[in-house]
Amino acid sequence: MALLVACLTMTGCATVLNETTQPVKVETLTATGEVVTGADCKLGNEYESVKVRSGNTADVRRSGTDLDIVCSHPDNPDAKARAVSRANSGMFGNIILGGAVGAIIDHSKGTAYTYPTWVQLVFGKTLIFDRKDEKDGQPVAGTDTGAPPSTTTSKDANPSQSPMPATAGSAKPGESRVTIDDLRGLLPPQK
């Protein structure tokens, strides 16, 4: 009850419940499914760009915009991905409880959004990982866009500027999107 009161009176629910960063585990695989550790990976959104070696976890800044990922390894072609950001339960708490001010705070801080927590990029492919497909304790299944990764070298790669195909219903940069799938777990069952 105290948490509910805090959400309504102080700030946005997601700001109270979530940190501004979240961990994202990045793994890289060959086309045959063999795990390759130690690839140089760069994860970026409009707030920041962070580096991590594949097989490890990076703390990334939450945002309503998608997270672009590029992994490079000397023995493999680049692996690229987009991790789709989705609104989390803190944002829905604001919507359901009518906390417009809290929703604005959570949106601007990025705390209202969550990325997939475990992704497995495949060298030579461009994949999309959507948080709505996440199952606890499992990597999110990537969807192949069919677009080959660009031929930029790893030193030239800037994931926050790399063109990625849009996902169905994806928002423009700076916009957030809330789908019925995001709300489904928060709504009471239909009779």
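Everything quoted here is computed from the prediction, not taken from an experiment.

Trainee: Would you mind going over the packing of aromatic side chains in detail, with residue names and values included?
Mentor: Per the stated rule, a full pass over the model turns up zero aromatic pairs. The ring of Trp118 carries Lys25 above its face, with NZ or CZ at 4.6 Å from the centroid.

Trainee: Give a detailed account of the environment of Tyr115, specifying residues and quantitative values.
Mentor: Mapped onto the elements, Tyr115 comes out in the loop between β9 (113-114) and β10 (118-122). It is 7.7 Å that separates the C-alpha atoms of Tyr115 and Asp130, two residues lying 15 residues apart in sequence. A distance of 2.7 Å separates a polar side-chain atom of Tyr115 from the backbone oxygen of Thr65.

Trainee: Please provide a residue-by-residue account of the sheet that holds strand β3 (residues 40-44), values included.
Mentor: In sheet architecture, strand pairing relies on hydrogen bonds along the backbone and comes in two forms, parallel and antiparallel. Within the open sheet, the six strands sit side by side as β4-β3-β6-β7-β11-β12. Their pairing is mixed. Here the strands that pair on one side only, and so sit at the sheet edges, are β4 (49-53) and β12 (143-144). Across five bridges, β3 lies against strand β6 (residues 67-73) in antiparallel orientation. Paired with Asp40 across the strands is Ser72, a residue of β6.

Calculation criteria
Residues numbered from 1 in each chain as written. Predicted model: local features only at pLDDT ≥ 70, side-chain atom pairs only at ≥ 80, totals over all residues. Heavy atoms only, no water. Phe/Tyr/Trp six-rings, centres within 6.5 Å; stacked < 30°, edge-to-face > 60°. Lys NZ or Arg CZ within 6 Å of the ring centre and 35° of its normal. Helix = DSSP H or I, 4+ residues; strand = E, 2+ residues; numbered from the N terminus. Polar contact = N/O pair within 3.5 Å; in protein donor to acceptor, adjacent residues only side chain to side chain. Pairing = 2+ DSSP bridges.

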